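# Observations on the three-dimensional arrangement
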Amino acid sequence: METNKKCRVESDLLGELQVPAEAYYGVQTQRAINNYKISTTKMNDYPDFIIAMAYVKKAAAMANGELGVLNKTIADAIMKAADEVIAGKFWDDFPVDMMQGGAGTSVNMNANEVLANRALEIMGYDKGDYQHCYPNDHVNCGQSTNDAYPTALRYAIVRMNKGLVKSLEDLIAAFRAKGDEFKDAVKMGRTQLQDAVPMTSGQEFTAFANNLQEEVEHLGYNAKLLLGINMGATAIGTGLNAAPGYADLVTQYLCDYTDEAFRKAPDMIEATPDTGDYVSYSSALKRLAVKLSKICNDLRLMASGPRCGLHEINLPAMAPGSSIMPGKINPVIPELTNQVCFKVIGNDTTVTMAAEAGQLQLNVMEPVIAECLFESITWLTRAMNTLKDKCVKGITVNAEHNKQVVKQSIGIVTALNPYIGYKNSSKIAKEALETGKCLHEIVLEKKMLSKEQVEEILDPKKMI
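Now for a description of the structure that goes with this document. Bear in mind that the values here come from a model prediction, so they are computed numbers and not experimental data.

## Thoughts on the overall build of the chain
Secondary structure assignment for the chain yields 18 helices and eight strands. By the compact-globule yardstick of 23 Å for 464 residues, the chain is too spread out, its C-alpha radius of gyration being 30 Å. The principal-axis extent of the C-alpha atoms belonging to the chain is close to 100 × 50 × 35 Å. Each of the 464 residues in the chain was classed as buried or not, and the buried ones make up 50%.

## A short note on the pattern of salt bridges
Under the counting rule described, the total for this entry stands at 30 salt bridges. Residues E84 and R118 are paired through a salt bridge, measuring 2.5 Å at the closest nitrogen-oxygen approach. In this pair, E84 sits in helix α3 (residues 72-86) while R118 sits in helix α4 (residues 105-122), placing the two residues 34 residues apart along the sequence. The residues E84 and R118 share a single accessibility class, namely buried. When the shortest N-O distance is used, the salt bridge between K294 and D298 registers 2.5 Å.

## Concerning the packing of aromatic side chains
Inspection of every chain in the model, using the stated rule, returns twelve aromatic pairs. The interplanar angle of 75 degrees and the centroid separation of 5.6 Å between the aromatic rings of Y155 and F262 together place this pair among those described as edge-to-face. Taken together, the positions of Y155 in helix α6 (residues 145-181) and F262 in the loop between α8 (246-258) and β6 (263-264) put the pair 107 residues apart, joining distant regions of the chain. F262 matches Y155 in its accessibility class, with the two residues each being buried. Aromatic pair F182 and F205: ring centres 5.4 Å apart, planes at 75 degrees, arrangement edge-to-face. On the criterion of sequence distance, the pair formed by F182 in the loop between α6 and β3 (186-191) and F205 in helix α7 (residues 201-225) is long-range, its members being 23 residues apart. Take F205: its relative accessible area is 0%, and that puts it in the buried class. Three or more aromatic residues joined by ring pairs make a cluster, and in this case those are Y46, F49, Y149 and F374. K58 extends its terminal NZ or CZ atom over the ring of Y257, reaching a point 4.3 Å from the ring centre.

## Observations regarding the layout of surface pockets
In this model, the largest pocket occupies a volume close to 410 Å³. Along its surface, the largest pocket is lined by 22 residues, and A303, G305, I329, N330 and P331 are the ones closest to its centre. Those elements that provide at least two residues to the lining of the largest pocket are β7 (313-314) and α11 (332-356). Of all the elements, α11 adds the most residues to the lining of the largest pocket, at three residues. If you add up the space inside the second largest pocket, you get close to 290 Å³. Along its surface, the second largest pocket is lined by 16 residues, and R190, L193, E204, D298 and L301 are the ones closest to its centre. Counting only elements with at least two residues in the lining of the second largest pocket, the list comes to β3, α7 and α10 (276-302).

## Considerations on the nonpolar core
Side chains that are nonpolar tend, in soluble globular proteins, to be buried together. By size, the foremost hydrophobic cluster in this structure holds 111 residues, and its most contacted members are F49, F175, Y281, L299 and F374. The greatest single-element share of this core, amounting to 16 residues, is contributed by α6. Excluding anything up to four places from it in sequence, L299 contacts F175, F205, F208, I313, L315, C391 and I395. The next biggest cluster of nonpolar side chains, apart from the first, holds 18 residues, and it includes L416, A429, L439 and I442.

## Here's the deal with the environment of T435
For T435, the position within the fold is in helix α15 (residues 422-435). For T435, a relative accessible area of 44% corresponds to the partly exposed category. On a C-alpha basis, the gap between T435 and A54 in space is 74 Å, while along the polypeptide they are 381 residues apart. In this structure the side chain of T435 is engaged in a polar contact, spanning 2.7 Å, whose partner is the backbone oxygen of E431. A distance of 3.2 Å separates a polar atom in the side chain of T435 from the backbone nitrogen of K437.

## Focus on unusual backbone geometry
Here the bond from G305 into P306 is cis, since omega is 10 degrees, no more than 30 degrees from zero. Structurally, the position occupied by P306 is in the loop between α10 and β7. Positive phi outside glycine occurs at L193, with the angle close to 65 degrees. Within the fold, L193 resides in the loop between β3 and β4 (194-200). The phi dihedral of D259 is positive, around 60 degrees, even though this residue is not glycine. Using a relative accessible area of 69% as the deciding quantity, one classes D259 as exposed.

Procedures and definitions
- Residues numbered from 1 in each chain as written.
- Predicted model: local features only at pLDDT ≥ 70, side-chain atom pairs only at ≥ 80, totals over all residues.
- Heavy atoms only, no water.
- Helix = DSSP H or I, 4+ residues; strand = E, 2+ residues; numbered from the N terminus.
- Rg over C-alpha atoms; globule rule 2.2 N^0.38 Å.
- Buried < 20%, exposed > 50% of the residue type's maximum accessible area, 1.4 Å probe, protein only.
- Salt bridge = Lys/Arg side-chain N within 4 Å of Asp/Glu carboxyl O.
- Phe/Tyr/Trp six-rings, centres within 6.5 Å; stacked < 30°, edge-to-face > 60°.
- Lys NZ or Arg CZ within 6 Å of the ring centre and 35° of its normal.
- 1 Å grid on protein atoms, 1.4 Å probe; cavity = no way out; pocket = protein on both sides within 12 Å on 5 of 7 lines; lining within 4 Å.
- Points joined across faces, edges and corners; volume = space filled by probe spheres on them.
- Core = buried A, V, L, I, M, F, W, Y, C linked by side-chain atoms within 4.5 Å.
- Contact = heavy atoms within 4.5 Å.
- Polar contact = N/O pair within 3.5 Å; in protein donor to acceptor, adjacent residues only side chain to side chain.

This is the structure in structure tokens:
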């Protein structure tokens, strides 16, 4: 029924509502659009979520068709519609705000309505002619939001994690390349912001790479936890309204269609409200963010100056640094990355609180968990790409300056310990600090070692 050329009227439990005539979504999606105007992120901002939901609906239609629960013509039409969505069509018809009540029901119904209306067209009917393919009875057959939504969410995270890991590996490669480039550049190592012992800039940048390398495996391990799903649980895990054998079959079809090793949860009632895997994966994102932020702090410290700081490295100049101080250049890319990391750490706190807030047989807070995880993955991916391209690749080292700093440092006195003892080394270090003399000079004055011995022992290259 149409009220005008631009709208059609659909109805649900709450009554009738106008829906744009050309929209593939229906009345429940329209209610969500009207009700949830909270964030600036919509479902279609995260294509992997749309694709994941389409795969879930395709697998469900295939399983229900094989079990005889769905008419083959309808099942085939739903599957074809799902394939079109997976291929990138109709994404504009997923406009639901990521922040919503209802434990994700609006997202689930958005998918049900889009696929139902497209299936109707495939079968030769008009949008909204639901007697031939109904969003709830056919597309949602054998399902509940409480198993379809978390299954799609889990798969979306697994998909997005691959892009995150690719960006991480590219950043690691950039740090490793700098490690090789700077392998002969001697500098002073520091502990507690005080002079320690010599090292090379190459060792430092290689350590950054190795530090981040650990997170590739860590992210992969936690992403695999998300492959345990509760499809077939329906509302609370009892499987009400799902055909016998459906849970095993839909899980198998998801594996076949996605090439992922999904596992049916051994206890559906336990799995339906359980959000522990999200907490673990969020923690992995936080761990990466903490490490990444620490590295950016180091880059900013090493680049501090240029005259009154460490001035060990030069970061690419990306923008004028001050509206009042001429010539000032700020480390804007590491600063940006720091802030992204802070956001990820904050999102992890939200995920933790939302996971704790579930009651009884369902956790209704999954929408905010989804929004936080999607945002963290997206921001981290973009930040690492930006850090790699606009900072790390262009870093240069001030080799001669760093060499002179090492020569003037008292930190190299540590190398004298085995030859003159800790007590004598401490006295020499104190005198060097008080007089400004270099260590070589003092050791020779006190005739503790020969000139040849001093030069051999205090050669920075021998200490690294």
